[in-house]
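Chain by chain, the residues run as shown.
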Amino acid sequence: MGKVSSAVEELPWVRAHSLAFLTFSLGAAIEAYIYSIAYIATGWVRVPREFTALLSVWPPLWLLVGGAVMGPVADMVGRKRSLYLTLTMYVVGALGLVLSHDYSSLLVFLGMLLLATGGEYNIIMAASHEYFPRRYRSRAVFLILNFTNAGGALASLLAVMNVSSPSLQRIAIGATILAAAPMLYILRMKLPESIHWLESKGKVHDAINEATRHYGKVAPGGRSVAGIELPSSLTRSVIGALLGWSYTAGITLMALTLGPYFMPSLTNWLILAFSLASLASGAAMGLAADKVGRRALLPASSVPLLVLASLMALTSSAWTRNPLLFWSLFVPFSALANVFYLGEDTLKSEFWVTERRASFTAAVRALSLGATIPVIFLVAYLPVSAYLTMTAMVFTVGVVAAMAWYFMGAETGRGASIGAWDRA
């Protein structure tokens, strides 16, 4: 008997796909929205420089914890059910953020929000590969992940608009999450469960019923899926973690902590410019995603990204006196960094068997986020030239990992079925 997931993969785009796309896109936007808050929050309270560094490592720390917890949960209870848990944490964390008035309470409720979004983003990364027709999968995933930039842009825009009032920034940001909660709940109620996940758990009849309810009458079978042999789990974990670390650490240093450490008055503007440039490049890249393979995209984006990061390090003494030079480098850097991000986040969440996709994705993200924390602390006290040199070295690791996958890996894009490596 054929699999119903194989038949669902060959369906045209229908209403259920649009619902899943909207649900996951909003979740991705919230992830970056909350991640950006911690860096914007460095201007909300007066703290010593060493505590600024603590607030700067708060996002990767709690994203790590959230993913590590919710990855196995999503594999055990399902993609849809696990999204209800993160929504509950959003509401409590956002309410606490609005009511926070000191550094300690700010850390507590930011931590709760970051834990929730770290878990939810991990679910989205894994689940988004399982919900869409094969021929649209890459395009849908790229565009969903690109909504992280919309979240970062919104958070920084709210901060810029209320630049003279940190308390208004805090209230506006927290209230936005609370206002979105009812809509998020309604969308999650209507979301189907992943057919791939149901089948991986042996719930064949549930998979058929769920497919019929949301996609119409679907007969098991569909297109014959050839297996794709991938490198070992260890190789995939190492390459995925290095790619993720290079992006997370590099972008944290270049777009998020560069402001709090060296240009506090520009922190919100840096995040806004980065988010808008990234959003534009991601929209363009997303539309072409089904035609571009992961193996070629990663080197093609990471090498010029390293060149731009190196140029920013070499010219730091010039652009600190010439803002136009800085922005002429920073904006294209931001656009290109997002292309690299879309490639590496898509790859490291797709090349696992369905039954353990969320858990393996969480493990790889935990490695990359955990390794980011000491880097943020290490560079906090460096002069700007050394700080940027370290950032360029971080992106060098991304180039090495991208080249490793190009020569050692298999193509997982270009219309490949998400079940191809389940059958290898």
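For the structure itself, look to the data block above.
The model shown is predicted, which means the values in this text are computed figures rather than measured ones.

**Re unusual backbone geometry**
A positive phi angle, near 55°, is found at arginine 414, a position not held by glycine. Turning to its location among the elements, arginine 414 is positioned in the segment after α17 (384-408).

**A short note on the nonpolar core**
One finds Phe24, Tyr215, Phe330 and Phe333 to be the most contacted residues of the largest nonpolar core, which totals 95 residues. Beyond its immediate sequence surroundings of up to four residues, tyrosine 215 is in contact with Val8, Leu11, Val14, Ala16, His17, Tyr131, Pro192 and Ile195. Counting residues in hydrophobic clusters, the runner-up holds 31 residues, among them Tyr35, Leu97, Ala116 and Ile271.

**Some thoughts on the packing of helix α15 (residues 323-350) against helix α16 (residues 357-379)**
The geometry of α15 relative to α16 is characterised by a closest axis approach of 8 Å and an angle of 130° between their N-to-C directions. Judged by the inter-axis angle, α15 sits oblique to α16. Within the contact between the two elements, α15 uses Lys348, Ser349 and Glu350 and α16 uses Arg357, Thr361, Val364 and Arg365. Its residues assigned to classes, the contact of α15 with α16 shows one nonpolar, two polar and four charged.

**Looking at the packing of helix α10 (residues 233-256) against α15**
Where α10 meets α15, the closest approach of the two axes is 10 Å, and the angle between their N-to-C directions is 155°. Comparing their axes, α15 and α10 come out roughly antiparallel. In this structure, the crossing between α10 and α15 has a hand that is left-handed. In this structure, α10 contributes Gly240, Leu243, Gly244, Ser246, Tyr247, Ile251, Met254 and Ala255 to the contact, and α15 contributes Phe330, Phe333, Ala337, Phe340, Tyr341, Glu344, Leu347 and Lys348. The residue makeup of the contact of α10 with α15, split by class, is 11 nonpolar, three polar and two charged.

The rules behind each value
Residues numbered from 1 in each chain as written. Predicted model: local features only at pLDDT ≥ 70, side-chain atom pairs only at ≥ 80, totals over all residues. Heavy atoms only, no water. Helix = DSSP H or I, 4+ residues; strand = E, 2+ residues; numbered from the N terminus. Core = buried A, V, L, I, M, F, W, Y, C linked by side-chain atoms within 4.5 Å. Buried < 20%, exposed > 50% of the residue type's maximum accessible area, 1.4 Å probe, protein only. Contact = heavy atoms within 4.5 Å. Axes fitted to C-alpha atoms, helices over the stretch in contact; angles between N-to-C directions. Parallel < 35°, antiparallel > 145°, perpendicular 65-115°, else oblique. Nonpolar A, V, L, I, M, F, W, Y, C, P; charged D, E, K, R; others polar. Left-handed = near helix turned anticlockwise from the far one by under 90°.

Structural measurements only, silent on function.
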